[in-house]
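# A structural walkthrough
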Amino acid sequence: MQSLTRAYDNMLTGMAILSGLLLLWMMVSIIVSVTMRNLGLQPFAWLFTSLEYGLLYMTMLGAPWLVREKGHVHIELFTAALSPAGQRFVSRLVAVLCVLVCVVLAWKGAELVAKNLSRNDYDVRAYYTPKWMLTLAFPISFGFMAIEFARFAFGPRMLLSGQAGIHE
């Protein structure tokens, strides 16, 4: 079980690294596109398309890792005023609610992928891209986020500590 957990954690880390590389690619593509325009050249159509797809995949690939690291934005003013038992309760409740939301979004994302596959839908831009290749990011990302929130809901770590801003 420990090796499975380690493999899963490494996969999330790999997704986050790929997300960072996509951010780097988007920076390069913007620089190249702007430079080409300033030189009076027409930027490659695929540069803009890859930037749009990169925004989607960067967000979706990095989100589960961000949940694991508690890097999302949240305000702990309320939980800081609670007793330790109250903090644990609210933290677990919020994590369970997040699991439910992520499961629903993963399910709907899977339905969307299935619909794209059955209809043979394409995203028509610089190239014809099968839409399932774009929408596949939704069930994967929200599925992994559900797992990460479940680790907070039922594991030893708490999502909300009530400590934000107290020691700063």
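Because the structure is a prediction, the values reported are computed rather than measured.

Here we take up the overall build of the protein. When you go through the protein residue by residue, the secondary structure sums to six helices and two strands. Reading the protein from its N end, one meets helices and strands in the order α-α-α-α-β-β-α-α. Taken over the C-alpha atoms alone, the protein extends approximately 65 × 45 × 30 Å along its principal axes. In the protein, the share of contacts with a sequence separation of at least 24, taken over all contacts with a separation of at least 6, comes to 75%. Charged side chains of the protein number 13 positive and 9 negative; the gap between the two group centres comes to 3 Å.

The next subject is the nonpolar core. By size, the foremost hydrophobic cluster in this structure holds 17 residues, and its most contacted members are Cys102, Phe142, Met145, Phe149 and Leu159. Of all the elements in the fold, those that place two or more residues in this core are helix H2 (45–68), helix H4 (84–119) and helix H6 (137–154). With seven residues, H6 is the single largest residue contributor to this core. If you look at the next biggest cluster of nonpolar residues, it comprises nine residues, including Leu22, Met26, Met58 and Leu61.

For the rest of this paragraph, the subject is H6. What sets the pattern is the α-helix's 3.6 residues per turn: residues three or four places apart point alike. Over its 18 residues, H6 runs 26 Å from end to end, which matches the ideal 26 Å to within 8%, given 1.5 Å per residue. Inspection of H6 places Ala137, Pro139, Ser141, Phe142, Phe144, Met145, Ala146, Glu148, Phe149, Phe152 and Ala153 among the buried residues, and these make up the whole buried set.

Attention shifts here to the pattern of salt bridges. Under the criterion given, the structure shown has five salt bridges. Between Lys108 and Glu111 there is a salt bridge; the shortest N-O distance is 3.3 Å. Of this pair, Lys108 and Glu111 both sit in helix H4, three residues apart, roughly one helical turn. For Glu111, a relative accessible area of 36% gives the class partly exposed.

The phi dihedral of Lys70 is positive, around 55 degrees, even though this residue is not glycine. Checked against the element boundaries, Lys70 lands in the loop between H2 and helix H3 (77–80). Assessed through its relative accessible area of 29%, Lys70 is described here as partly exposed. Backbone geometry at Asn120 places phi at a positive 60 degrees, although glycine is not the residue there. When you line up the elements, Asn120 lands in the loop between H4 and strand E1 (122–124).

It is worth spelling out the packing of helix H1 (residues 2–38) against H2 at this point. At a minimum axis separation of 8 Å, H1 and H2 run at an interaxial angle of 150 degrees. It follows that H1 is roughly antiparallel to H2 by the angle criterion. Crossing angle aside, the handedness with which H1 passes H2 is left-handed. Among the residues forming the contact of H1 with H2, the class breakdown is 20 nonpolar, seven polar and two charged.

Further remarks concern the packing of aromatic side chains. In total, this model carries three aromatic pairs according to the counting rule given. Geometrically, the ring pair formed by Phe44 and Trp46 is stacked, given 5.6 Å between the ring centres and 10 degrees between the ring planes. Note on Phe44: relative accessible area 43%, which makes it partly exposed. Within the aromatic cluster, the residues linked to one another by ring pairs are Trp25, Phe44 and Trp46.

Time to look at the state of the cysteines. All chains considered together, the criterion is met by zero disulfides. The thiol of Cys98 is unpaired, and the distance to the nearest cysteine sulfur, on Cys102, comes to 6.4 Å.

What counts and what doesn't
- Here the residue index of a chain counts from 1 through its sequence in written order.
- Whole-chain, interface and lining totals are the exception, using all residues; otherwise, since this is a predicted model, local features are given only for residues with pLDDT of at least 70 and side-chain atom pairs are given and counted only at 80 or more.
- To obtain the side-chain values, all non-hydrogen atoms of the structure were used and water was disregarded.
- Counting from the N terminus, the helices are the DSSP runs of H or I reaching at least four residues and the strands are the DSSP runs of E reaching at least two.
- Contacts are assigned to residue pairs that have any heavy atoms within 4.5 Å of one another.
- Positive charges come from Lys and Arg, negative ones from Asp and Glu, while His and the chain ends are left out of the count.
- To locate a charge, the coordinates of NZ of Lys, CZ of Arg, CG of Asp or CD of Glu are taken.
- Among the buried residues, those of types Ala, Val, Leu, Ile, Met, Phe, Trp, Tyr and Cys that are joined through side-chain atoms within 4.5 Å form a nonpolar core.
- Buried, partly exposed and exposed residues are distinguished by accessible area as a fraction of the type maximum, computed with a 1.4 Å probe on protein chains only: under 20%, between the cut-offs, and over 50%, respectively.
- Every helix has an expected span of 1.5 Å times one less than the residues it contains.
- We count a salt bridge whenever a side-chain nitrogen from Lys or Arg sits within 4 Å of a carboxyl oxygen from Asp or Glu.
- Axes here refer to lines fitted to C-alpha atoms; in helices the fit is confined to the stretch in contact. Angles between the N-to-C directions go from 0 to 180 degrees.
- For classification, angles of less than 35 degrees are called roughly parallel, those exceeding 145 degrees roughly antiparallel, those between 65 and 115 degrees roughly perpendicular, and all remaining angles oblique.
- By definition, any crossing whose near helix is turned counterclockwise from its far helix by less than a right angle is left-handed, and any crossing with a clockwise turn is right-handed.
- Polar here means any residue outside two lists: the nonpolar Ala, Val, Leu, Ile, Met, Phe, Trp, Tyr, Cys and Pro, and the charged Asp, Glu, Lys and Arg; Gly therefore counts as polar.
- Put simply, two rings from Phe, Tyr or Trp (the six-membered ring, in Trp's case) pair if the centres are within 6.5 Å, and we call them stacked under 30 degrees between planes, edge-to-face over 60, tilted for the rest.
- Note on terminology: pairs of cysteine sulfur atoms within 2.5 Å are recorded as disulfides.

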